[in-house]
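# Descriptive analysis of the structure
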Amino acid sequence: MMSKKVIVIGAGFSGLSAATSLADQGYEVTVLEKNATPGGRARSFEAEGYTFDMGPSWYWMPDVFESYFNRFNKTVSDYYHLVRLDPSYTVVFGEDDFVDLPASLDELKALFEKWEPGSAARLHKFLEQASYKYEVGINQLVYKPGRSVKEFMSLRLLLDVLRMDVFQSIHTHIRRFFSHEKIIKLMEFPVLFLGALPQNTPALYSLMNYADISLGTWYPMGGMYKIIEGMVQLAEEMGVSFLYNQDVQQIEVEQGIARRVRTASGMFEADVVVASADYHHVERQLLAPGLRSYTEDYWDKRVMAPSCLIFYLGIGKRLQNLRHHNLFFDEDFGPHAHEIYTDPKWPAKPLFYVSAPSVTDSSVAPEGCENLFVLMPVAPGLEDTEELRERYYNVIMDRLEHLTKQEVRNAVVYKRSYAHRDFITDYNAFKGNAYGLANTLMQTALLKPSLKSKKVKNLYYTGQLTVPGPGVPPSLISGQVVAKEVAKDFALAAGQRLPVSN
Ligand SMILES: Cc1cc2nc3c(=O)[nH]c(=O)nc-3n(C[C@H](O)[C@H](O)[C@H](O)COP(=O)(O)OP(=O)(O)OC[C@H]3O[C@@H](n4cnc5c(N)ncnc54)[C@H](O)[C@@H]3O)c2cc1C
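Note that the structure is a prediction, hence the values are computed from the model and not measured. (Residues numbered from 1 in each chain as written. Predicted model: local features only at pLDDT ≥ 70, side-chain atom pairs only at ≥ 80, totals over all residues. Heavy atoms only, no water.)

## Let's talk about the overall build of the protein
Along the protein, the regular secondary structure elements total 15 helices and 19 strands. The C-alpha radius of gyration computed for the protein amounts to 22 Å, which stays within 12% of the reference 23 Å derived for 502 residues, consistent with globular compactness. The 502 residues of the protein split such that 61% are buried. A separation threshold of at least 6 residues defines the contact pool for the protein, and within that pool the share at least 24 residues apart is 73%. (Helix = DSSP H or I, 4+ residues; strand = E, 2+ residues; numbered from the N terminus. Rg over C-alpha atoms; globule rule 2.2 N^0.38 Å. Buried < 20%, exposed > 50% of the residue type's maximum accessible area, 1.4 Å probe, protein only. Contact = heavy atoms within 4.5 Å.)

Encoded structure:
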């Protein structure tokens, strides 16, 4: 009996994870990717001797990556070399007010204690609870496909969920433990990864503080793209075929079953289709109207995580006063957050982030030079013009030069900007979003766009707009979850392997 053919649309983290997991279960998998290289939002490019990671720069939750490779009897170190950063990152609170976040918990406690007596003990307590949430959240909840409320109906799990502060905001939760302004800013920072305001993010996500403080910030030498290269290599070892420059234009459906996927240059037969491209794009552009699970009104009401304005900069000299990860929190986040989430507009006084991987890794810049990735979060769906980008380039450069006390602009030898228009052109991103759907309470688990189509029997979705959510570790998990659902719904031929369990 022939094995079943699966077409995966998109070669980002979730598509790679789904494709590899399905190939491991005996399916014949072909990945169709519109761009010339894999990686999706995590692609990289080279220019003037610099190697730029285009998207993710924070490697958190190393256990999720390790368990991903372990599923295939491999280990992370088979594919790339990880180092733990120390300090994990630096926060710029203002002029001459730079704080390094030490990797050591004892050193961090000492820092907290200096700011707020008694806070070290409270941090200990906070992390104990966060560790429990991480354990249940990352090892159980995020692997739920979110297809039925029954998945959550075990008494143990219900008790766990109640203990996990799902109905309290992380904003309130953090203030129950700490009052010093700097500590609050530090503890709220990881929530920014989830794409919503701390006030709208369940306290369950203090698990992100556990990831930050207890599990640490890591870096794959050579850059984040090393993870993609490793995943593609593993996928190919498992028999997955990759076809690039294949912009999928239609999923052909007959009697409620996806039969073929059409690109500009070919037609591909499918028994199952897994779409890892942006969910909204697949529904709106690749499916006929009657086959869409959600209305345009539904999508308009979704809370999207922010988009961002990015500058990839090659600096022709080494810079002072910068670490690998630098958060410029010298302005108040309140007004900037308001301009991202409540009253979407380009911000008056933005916070921004600078990554300088060349501080850790000499391979990403020519000798004696610095590689900078500068990111400013901004609301999705905004007008995006060259003039606006340039205005913010100058705002950011003024502050960067002033705070780090050096000239940067006149040493820029390579510069490329990236924002909404690019996210749409490159990834078909809904409203030019960068990070998918925000992790609010009303967009959690069953309340997210479903990983299985409601109208097309053999069409599934994976990636940052469905379960479990945005970010590299969730996208890795999303691919594994969808593969398991496919295996449940579409039995394999006799003699082939059964799906792996979590
Ligand atoms: C600037 C930026 C910084 C980030 N920083 C971090 C970080 O530090 N840490 C972290 O954990 N996460 C970070 N993230 C989030 C993380 O990168 C994403 O959540 C994750 O990469 C999403 O993977 P995905 O597979 O869901 O989507 P994608 O990576 O977008 O993959 C979808 C793929 O589908 C392809 N596609 C789209 N339409 C079609 C079509 N019609 N035909 C064929 N192919 C198609 C796209 O080209 C793309 O390759 C960041 C994201 C961005 C943008």
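Here the narrative resumes, following the displayed structure.
## Here we look at the pattern of salt bridges
Side-chain pairing between opposite charges can occur once the charged atoms of the two side chains come close. Counted under the stated rule, the structure contains 29 salt bridges. Residues D97 and K182 are paired through a salt bridge, measuring 2.9 Å at the closest nitrogen-oxygen approach. Here D97 is found in strand β7 (residues 97-101), whereas its partner K182 is found in helix α7 (residues 181-188), with 85 residues between them in sequence. With a relative accessible area of 24%, D97 lands in the partly exposed category. With a shortest N-O distance of 2.7 Å, R389 and D384 are connected by a salt bridge. For the pair shown, R389 and D384 are each scored as buried. Salt bridges sharing common partners tie together D384, E386, R389, R421 and D422. (Salt bridge = Lys/Arg side-chain N within 4 Å of Asp/Glu carboxyl O.)

## So, the domain arrangement of the protein
As a measure of interface size, the accessible area lost when the parts come together is often cited. Its domain assignment divides the protein into domain 1 (5-45 + 56-78 + 222-302 + 437-490), domain 2 (106-215) and domain 3 (303-427). Measuring from the centre of the C-alpha atoms in domain 1 to the corresponding centre in domain 3 gives 29 Å. With 18 residues of domain 1 in contact, the opposing surface of domain 3 contributes 19 residues. Inspection of the domain 1/domain 3 interface yields 1 salt bridge. Its salt-bridge partner being D426, residue R43 comes within 3.0 Å of it at the nearest N-O pair. Counting every contact that joins domain 1 to domain 3 gives 12 residue pairs in polar contact (both at pLDDT 80 or more). Considered class by class, the residues forming the side of domain 1 that touches domain 3 number 5 nonpolar, 7 polar and 6 charged. (Domains from an automatic or database assignment. Polar contact = N/O pair within 3.5 Å; in protein donor to acceptor, adjacent residues only side chain to side chain. Nonpolar A, V, L, I, M, F, W, Y, C, P; charged D, E, K, R; others polar.)

## What about the nonpolar core?
Ranked by internal contacts, the top residues of the largest apolar core, which has 116 residues, are V29, M61, F112, Y134, F178, M187 and V274. Leave out the neighbours within four places in its chain, and Y134 touches M61, D63, V64, N139, L207, Y210, A211 and L215. F311, L319, M376 and Y393 belong to the second largest nonpolar core, which has 28 residues in total. (Core = buried A, V, L, I, M, F, W, Y, C linked by side-chain atoms within 4.5 Å.)

## Digging into the side chain of T404
Its location among the elements puts T404 in helix α13 (residues 386-404). T404 sits in the buried class, given a relative accessible area of 0%. Only 2.6 Å separates the side chain of T404 from the backbone oxygen of L400, close enough to count as a polar contact. One polar contact links T404 to Q406, side chain to side chain, over a distance of 2.9 Å. Residue contacts for T404: discarding those within four places in its chain leaves F98, Q320, N321, L322 and F328.

## Let's talk about the site of the ligand
Taken together, 39 residues lie around the ligand, and S14, E33, R41, W58 and Q464 are the ones closest in. Between the ligand and N428 there is a distance of 2.9 Å, counted from a nitrogen atom to a side-chain nitrogen or oxygen. For the ligand, the accessible surface in isolation is 1,000 Å², of which the surrounding protein chains cover 97%. Listing elements by their share of the shell around the ligand, those giving two or more residues are α1 (13-24), β14 (307-315), α14 (420-427) and α15 (472-489). For the shell around the ligand, the residue count by class is 18 nonpolar, 16 polar and 5 charged. The residue makeup of the shell around the ligand includes at least three contributed by each of domain 1 (5-45 + 56-78 + 222-302 + 437-490) and domain 3 (303-427). (Near = heavy atom within 4 Å. Areas by Shrake-Rupley, 256 points an atom, 1.4 Å probe, with all protein chains shown as cover.)

## Overview of the sheet that holds strand β19 (residues 459-461)
Spatially, 5 strands are ordered β9-β2-β1-β13-β19 in an open sheet, and the strand pairing comes out parallel. In this open sheet, the two strands that pair with only one neighbour each are β9 (241-243) and β19. Averaged over neighbouring strand pairs, the angle between their axes works out to 20° when direction is ignored. In this sheet, β9 lies alongside strand β2 (residues 28-32) in parallel orientation, the contact comprising 3 bridges. Across the sheet, residue V31 finds its bridge partner in β9, namely F242. (Pairing = 2+ DSSP bridges. Axes fitted to C-alpha atoms, helices over the stretch in contact; angles between N-to-C directions.)

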